[in-house]
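# Architecture and fold: a report
One-letter residues, chain by chain:
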Amino acid sequence: MKIHLTSVFVDDQGKALRFYTDMLGFVKKHDVPVGEDRWLTVVSPEDPDGTELLLEPSGHPAVGPFRTALLQDGIPAASFAVDDVRAEFDRLRGLGVVFTQEPLTMGPVTTAVLDDTCGNLIQIAHSG
């Protein structure tokens, strides 16, 4: 068994697609109209047949309180692996990405946390 799809709830799918592709470097995999919304997924360009991230509309009534609680507590909605957290932090900050946690090393893991501009905190991490 392996993970095929996971999701993050986003306020605006178009804005999210631009952020996740233009800033984070993912590539669009699926963009299918579904009523007023879209089945919109992105993947890593390094693994185009790998795990997809669904940029899921945040319209369900349970989403607001859930995301508000995560944001207030500083809990990331997702974590993405990178080869070098410091280099990725510098690259993304140079593009104007806002971080809520600068690179922090905790034993063998280094993490940083960014705001995806669509209602989520996202962690970047490297272990090793």
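Just so it is clear, the model here is predicted, and its values are computed rather than measured.

Relative to the elements of secondary structure, G96 occurs in the loop between helix 3 (85-94) and strand 6 (99-106). Judged by its relative accessible area of 52%, G96 is exposed. Sequence separation between G96 and M23 is 73 residues, and the spatial gap between their C-alpha atoms is 8.9 Å.

Turning our attention to unusual backbone geometry. Even without being glycine, T117 reaches a positive phi, approximately 65 degrees. Locating T117 in the fold gives a position in the loop between strand 7 (109-115) and strand 8 (121-127). Judged by its relative accessible area of 38%, T117 is partly exposed.

This paragraph deals with the packing of aromatic side chains. Counted by the stated rule, this structure contains five aromatic pairs. Measuring from ring centre to ring centre gives 6.5 Å for Y20 and F80, while their planes differ by 80 degrees; the resulting arrangement is edge-to-face. Taken together, the residues span a long stretch of sequence, with Y20 in helix 1 (residues 13-23) and F80 in strand 5 (residues 78-81) at a distance of 60 residues. Each member of the pair, Y20 as well as F80, carries the same accessibility label: buried. Connected via pairs of aromatic rings, a cluster forms that spans F19, Y20, F26 and F80.

Attention now moves to the pairing of strand 5. On strand 5, burial follows the alternation: A78 and F80 on one face are buried, whereas S79 and A81 on the facing-out side are not. Bridging between strand 5 and strand 8 involves four bridges; their strand directions are parallel. From the neighbouring strand, A78 faces strand 8, where its bridge partner is I122.

Looking now at the nonpolar core. Of all hydrophobic cores here, the largest spans 25 residues; its most connected members are V8, Y20, L24, L55, F80, F99 and L114. Mapped by element, the contributors of at least two residues to this core are strand 1 (5-10), helix 1, strand 3 (37-43), strand 4 (52-57), strand 5, helix 3, strand 7 and strand 8. Ranked by residues supplied to this core, first place goes to helix 1 with four residues. When residues no more than four places from it in sequence are discounted, the contact partners of F80 are Y20, L24, F26, L53, I122, Q123, I124 and A125.

Here is what the cut-offs are and how they apply
- Residues numbered from 1 in each chain as written.
- Predicted model: local features only at pLDDT ≥ 70, side-chain atom pairs only at ≥ 80, totals over all residues.
- Heavy atoms only, no water.
- Helix = DSSP H or I, 4+ residues; strand = E, 2+ residues; numbered from the N terminus.
- Buried < 20%, exposed > 50% of the residue type's maximum accessible area, 1.4 Å probe, protein only.
- Phe/Tyr/Trp six-rings, centres within 6.5 Å; stacked < 30°, edge-to-face > 60°.
- Pairing = 2+ DSSP bridges.
- Core = buried A, V, L, I, M, F, W, Y, C linked by side-chain atoms within 4.5 Å.
- Contact = heavy atoms within 4.5 Å.

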